[in-house]
Amino acid sequence: MKGKVSLFVPCFVDQLLPQVALDTVKVLRRIGYTVEFPEDQTCCGQPAFNTGYWDDARPCAERFVRVFRHADVVVCPSGSCTTMVRTFYADLLAASSLRDDAIALASRTFEFSEFLVKVAAITQVGATFPHSVTYHASCHGLRELHIHDEPLQLLRQVKGLNLIEMTRSQECCGFGGTFAAKFSDISAAMGTSKAESIAATGAEFVTATDPSCLMHLQGILGKRNASTRTIYLASILAQDGQTNASQARESLAKKSFAEAQP
Amino acid sequence: MSATAAQRFLQDAAVKSADLMHREVIRRGMDSYDAAHLKGRARIKDWEAARQRCQEIKREAINHLDRYLLQFEEKVAARGGHVFWAANSEEACAYVKNLATRLNVKTVVKSKSMVTEEIHLGTALEKAGIKVWETDFGEFIVQLREEGPYHIVTPAMHLLRGQIATLFQEKLGQKIESDDPAYLMAVARRVLREAFFSAEMGISGANFLVADAGVIAISTNEGNGRLCTSIPRIHVVVTGIEKVIPRLEDLAVLWPVLATSGTGQGITTYGTLIGGARQSGEADGPEEFHVVLVDNGRSQLLADPEQREVLHCIRCGACLNICPVFRHVGGHTYGTTYPGPIGSVLTPHLNGIKEFKHLSYASSLCGACTSVCPVKIDLHHHLLQNRRNATEAGATKASERLMFRAWRHAMLHPRIYALGGWSMRKALRIAYGLGLQGSILDPMRVWNRYRSPVPLPAESFRARWRRDRAAN
Amino acid sequence: MPQTDRAQSENPSREQILQRIRAGLRTPVKVEEPAATTSDRMIFEPIQNPLERFQQECIANLMECALTADSTASARHLADVLQSLPEGEIFVQDDPSLRRVVELAAPGRAIRWSSQGAPSEASQATVTLAEALIAQTGSILVTASCGGRGASVIAPCHIVYATIPQLVPDLATALGRASREQTLDHNSFACVISGSSRTADIEKILVQGAHGPRRLVVILQTER
């Protein structure tokens, strides 16, 4: 066994996109890590922080630090939530008694793809995904965590995967958290531009390091009746080629966000 | 009741977001800029080193602002120039207006200056019966349309040639034979040339105030700025106090970086340096030289150590060009002198956080602006700080404050959080089951207006984890 | 400069603004130390062959650059350029070397000299010397001593008569020298000119010849 990772599951993944976390666990286990999920966790505080309510975000951040204080290493299937801990906790908790713990925790908190490539030093995870895929460079991962190549390195090792580059891959998809609700017209327009870039690739799937981007894009793509579906990075890597075709299609339907409506 | 700035912004943003023609025009303009910018970057061996140096120069200037402003003033005054320090728009406009009326100025030719837009100098002069000609080609165009500049570097980038040809036909009283850009420029040249040679006063801005040499530096391409500062009898410079740089040699890196970020050029066609009125023995030049140093809220921003670096801005426009929000709503939607990321960061400081905080929220915080800023201003983090400042100033809605109070309570208590999540999923499932999706009662109607609904999972991750754990 | 009472009453805001600045700056900013100190060498590629670089940049800037061996050749080139222009007055910087070369090149041409004042609006061309040439950006540095301000911008064609020894490698050198020689104390104006006037304000399409010269010609003589 390689060691233990503590899973940090973003609140919206926990409540709305559980498959993202399930596939993250699957991949981590497959490459030899024990995964523990501190069940006491709730939210890193990002929604309040981003909206300017730092006094409300602060106690959540402190709670988070306490919940994960014992962790050897923390892995999170989201660039934006990882950013919250790595980039913003030090400032947010500058006056807190937990400041030093926060800084120490930040140094061992990783986004999923950077954990695989930079910490575990693995790019080949034994995945099979015989489909065309295009990659959207989620903003937090790209510009706050400086994740440029890691997801691509992982995707290039996936058996059968045809990676197609999209133009303007680094342009924001338009989600931006509460921005999507407060400025929904602009958010949708940005999403539509992104959908056009995606459509131009002709890829069957689009993936990213942030499931929030993918949730927003699936909504936009679905409204346009686009053929491309979104799928989180770990969900691609979780495909191991051991299931038969119909099982694979079914599990794929669950993993892509374009499920049938309940 | 008239709409607030925030309400107007939302309305204009809604219209522009849906305007596919506008998006196409801007997209083409920005693609052109992107290509030129890449070429420009390739001419600089180490772009990151260049940004670092520019940041250092501006940081030194701003953090010793009094020293460098006084050095600049001393040199200008020693040559007979006049330096006037204006606390705000009113004082700046009054100075220029009084100067103009005292010297019997009937016509002013003006080269591009965002500060003059900020203080509404054109309006103040026209009220005093003085004719003001905007001579920058893009500014000339938007002046005829009676609108403000769309972009701080390319004021008319939202217009197609056909629209400009029609505009000239309507407003210039002459037959316009073609919409070819070269033809239209020639028309403007003829019209403005008369103005250059008859105006009594030329007004310019300044890209930089060089402290050790006591000169202003202006970066232009068209030559209109040159003519404004060569022919009329009086030259007035209107500039923000933050434009100062320590040394003449600093321009060796600032000029190429400004040009690269602004237009993709290696350097602008004209890098003009002016230290005063004409000296005896010179063939021509203005007889009087005035510099109006405008504060208008800048000294207040200076006092905020967290955001002081916002004053480092060299007004290149790169952040506007890369911003996906700007690309989708355009410059006019912001309703401010300065649009785009720098405008969103700066305007609450110049014009009040209560009225303009919405601009700091109208961003997905993607960080592209920060990544291109040639003086390394941490723009998107300043937007975050503005949001925090807004809530701390009590400028946000009470309902939102309460909502986050409740949210915090839930997040501090896992059982409440889990119950809250479960209830939300349940409520949505019921709503969808009742066919309320898309209706006024749809709790997710903001989402569902533009997107297909989020699929609802049967159980949360933690419930599944607990179930799996119990099974083993 | 000490503030006189009269100046204080004319511009009371001056002292207020300075006070606000000083008060604001009492709180220092936090500065992260950079990874390495920057130096000029890191930012721009050093110029190996200034003459070659200058010529390349002139082409890119849409400027004309003609190499000539001596003043006779320069006069010939100047004659060619002037003949290609419409009839009409030209404006020339009043300098002995220019008097010589213009007399050779265009003996019958109507000339207004800079000693007579500003160029007239209808000038067909202006002819001036330069303070320096800059290889890095393909620029000419002119000052008020080079025939005044209008000399390099009023006419549709600006012709610069320069020599190779005037060529410096880069902006840093040119500006450094201007600083040391206090060029801007002796001249109210200077300008680094890097091409013909232009605009891209309509649809980002480049149009040459906006308000300034459409044509910028550099006659670059090997030696004076």
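Note on numbering: residues in each chain are counted from 1, in written sequence order. To read the labels, note that chains go from A and ligands from 1, taken in the order they are written. Selection of residues for local features in this predicted model requires a pLDDT of at least 70, selection of side-chain atom pairs for listing and counting requires 80 or more, and totals for whole chains, interfaces and linings are taken over all residues.

### Points about the overall build of chain C
Okay, so step 1: Regarding its fold elements, chain C presents eight helices and twelve strands.
Okay, so step 2: Taken over C-alpha atoms, the radius of gyration is set against a globule rule of 2.2 Å times the number of residues to the power 0.38. For 224 residues, the compact-globule estimate of 2.2 N^0.38 gives 17 Å, and the C-alpha radius of gyration of chain C, at 22 Å, exceeds that figure by more than 25%.
Okay, so step 3: Residue burial here comes from a neighbour count, namely the number of other C-beta atoms, placed from the backbone, that lie within 10 Å of the residue's own C-beta, with 20 or more meaning buried, 12 or fewer meaning exposed, and in between meaning partly exposed. Within chain C, buried positions represent 48% of all 224 residues.
Okay, so step 4: We call two residues in contact when their backbone-placed C-beta atoms lie within 7 Å. A separation threshold of at least 6 residues defines the contact pool for chain C, and within that pool the share at least 24 residues apart is 72%. Numbered from the N terminus, helices here are DSSP runs of H or I no shorter than four residues, and strands are runs of E no shorter than two.

### With respect to the overall build of chain B
Okay, so step 1: A count of helical and extended segments in chain B gives 23 helices and ten strands.
Okay, so step 2: With the C-alpha coordinates aligned to their principal axes, the bounding extent of chain B is approximately 95 × 55 × 50 Å.
Okay, so step 3: Taken over 472 residues, chain B has a buried fraction of 57%.
Okay, so step 4: Of the contacts made within chain B by residues no fewer than 6 positions apart, 72% connect residues no fewer than 24 positions apart.

### Side note on the interface of chain C and chain B
Okay, so step 1: With 62 residues of chain C at the contact, the number on the chain B side is 75 residues.
Okay, so step 2: Every element with two or more residues in the side of chain C that touches chain B is listed here: helix H2 (12-24), helix H3 (40-43), helix H7 (171-180), strand S9 (189-193) and strand S10 (198-199) of chain C.
Okay, so step 3: Per-element accounting of the side of chain C that touches chain B gives the leading share, ten residues, to H2 of chain C.
Okay, so step 4: Along the lines of polarity and charge, the residues of the side of chain C that touches chain B split into 30 nonpolar, 22 polar and ten charged.
Okay, so step 5: The criterion for strand pairing is that DSSP finds at least two bridges linking the strands in question. Looking at chain direction, strand S9 (residues 270-274) of chain B and S9 of chain C are connected through five bridges and run antiparallel. When the bridges of S9 of chain C are listed, Leu273 of chain B appears paired with Ala190 of chain C. In this classification, Asp, Glu, Lys and Arg are treated as charged, Ala, Val, Leu, Ile, Met, Phe, Trp, Tyr, Cys and Pro as nonpolar, and every other residue, Gly included, as polar.

### Re the interface of chain A and chain B
Okay, so step 1: Each partner contributes to the interface: chain A provides 52 residues, whereas chain B provides 50 residues.
Okay, so step 2: Elements with a contribution of two residues or more to the side of chain A that touches chain B: helix H1 (11-16), helix H2 (18-30), helix H3 (46-50), helix H4 (54-68), helix H8 (139-144), helix H10 (179-182), helix H11 (184-201) and helix H12 (211-223) of chain A.

### Focus: helix H1 (residues 5-18) of chain B
Okay, so step 1: Over its 14 residues, H1 of chain B runs 20 Å from end to end, which matches the ideal 20 Å to within 8%, given 1.5 Å per residue.
Okay, so step 2: Within H1 of chain B the residues assigned to the buried category are Phe9, Leu10, Ala13, Lys16 and Ser17 of chain B. Considered in projection along H1 of chain B, the buried side chains sweep an arc of 140° and stay on one side of the axis.
Okay, so step 3: Looking at the packing, one finds that the buried side of H1 of chain B touches H11 of chain A together with helix H2 (20-42), helix H15 (324-329) and helix H17 (353-361) of chain B. A helix's residues, less one, multiplied by 1.5 Å, set its expected span. Here the arc refers to the directions that run from the helix axis out to each C-beta atom.

### Quick word on the arrangement of the chains
Okay, so step 1: In this assembly two pairs of chains touch, with chains B and C having more contacts than any other pair.
Okay, so step 2: Between chain A and chain C there is no contact, and the shortest C-alpha to C-alpha distance separating them is 13 Å.

### A word on the sheet that holds strand S5 (residues 132-135) of chain A
Residue and element names in this part refer to chain A.
Okay, so step 1: With respect to topology, four strands assemble into an open sheet ordered S6-S5-S7-S8, the strand pairing being parallel. Looking at which strands have only one partner, the edges of the open sheet turn out to be strand S6 (162-164) and strand S8 (229-230).
Okay, so step 2: Relative to strand S7 (residues 205-207), S5 is paired through three bridges, and the arrangement is parallel. What sits directly across from Val133, in S7, is Phe205.

### A closer look at the sheet that holds strand S1 (residues 64-68) of chain C
All names here are of chain C.
Okay, so step 1: Pairing within the open sheet is parallel, and its six strands lie in the order S1-S12-S7-S4-S2-S3. For this open sheet the edge positions go to S1 and strand S3 (111-113), each flanked by a neighbour on one side alone. Each strand of the sheet is rotated relative to its neighbour by a mean of 20°, with strand direction disregarded.
Okay, so step 2: Pairing of strand S7 (residues 157-163) with strand S12 (residues 215-221) involves seven bridges; the strand directions are parallel. For every element, the axis is a line fit to its C-alpha atoms; helices are fit only across the contacting stretch, and the angle between N-to-C directions ranges from 0 to 180 degrees.

### A short note on the domain arrangement of chain B
All names here are of chain B.
Okay, so step 1: Once the domains are mapped, chain B shows domain 1 (61-142 + 180-296), domain 2 (300-392) and domain 3 (407-471).
Okay, so step 2: Residue ranges for the domains originate in an automatic or database domain assignment. For domain 1 and domain 2, the distance between their C-alpha centroids amounts to 25 Å.
Okay, so step 3: Taken together, the elements giving at least two residues each to the side of domain 1 that touches domain 2 come down to helix H6 (114-118) and helix H12 (251-262).
Okay, so step 4: By residue number, the principal contributor to the side of domain 1 that touches domain 2 is H12, which donates five residues.
Okay, so step 5: For the side of domain 1 that touches domain 2, the class distribution of residues is six nonpolar, four polar and three charged.

### Description of the pairing of S5 of chain A
Okay, so step 1: As defined by bridge partners, S5 of chain A adjoins S6 of chain A across three bridges and the pair is classed as parallel. By the bridge assignment, Thr134 of chain A is partnered in S6 of chain A with Ile164 of chain A.

### Some details on the packing of helix H16 (residues 340-351) of chain B against H17 of chain B
All names here are of chain B.
Okay, so step 1: The contact between H16 and H17 brings their axes to 8 Å, and the two run at 175°. In terms of their interaxial angle, H16 and H17 are classed as roughly antiparallel. Facing H16, whose interface residues are Gly343, Ser344, Thr347, Pro348 and Asn351, H17 presents Ile353, Glu355, Phe356, Lys357, Leu359 and Ser360.
Okay, so step 2: Looking at side-chain class alone, the contact of H16 with H17 contains four nonpolar, five polar and two charged residues. For classification, angles of less than 35 degrees are called roughly parallel, those exceeding 145 degrees roughly antiparallel, those between 65 and 115 degrees roughly perpendicular, and all remaining angles oblique.

### Here's the deal with unusual backbone geometry
Okay, so step 1: Despite not being glycine, Ala121 of chain A shows a phi value in the positive range, around 55°.
Okay, so step 2: Among the secondary structure elements, Ala121 of chain A is positioned in the loop between helix H7 (112-119) and S5.

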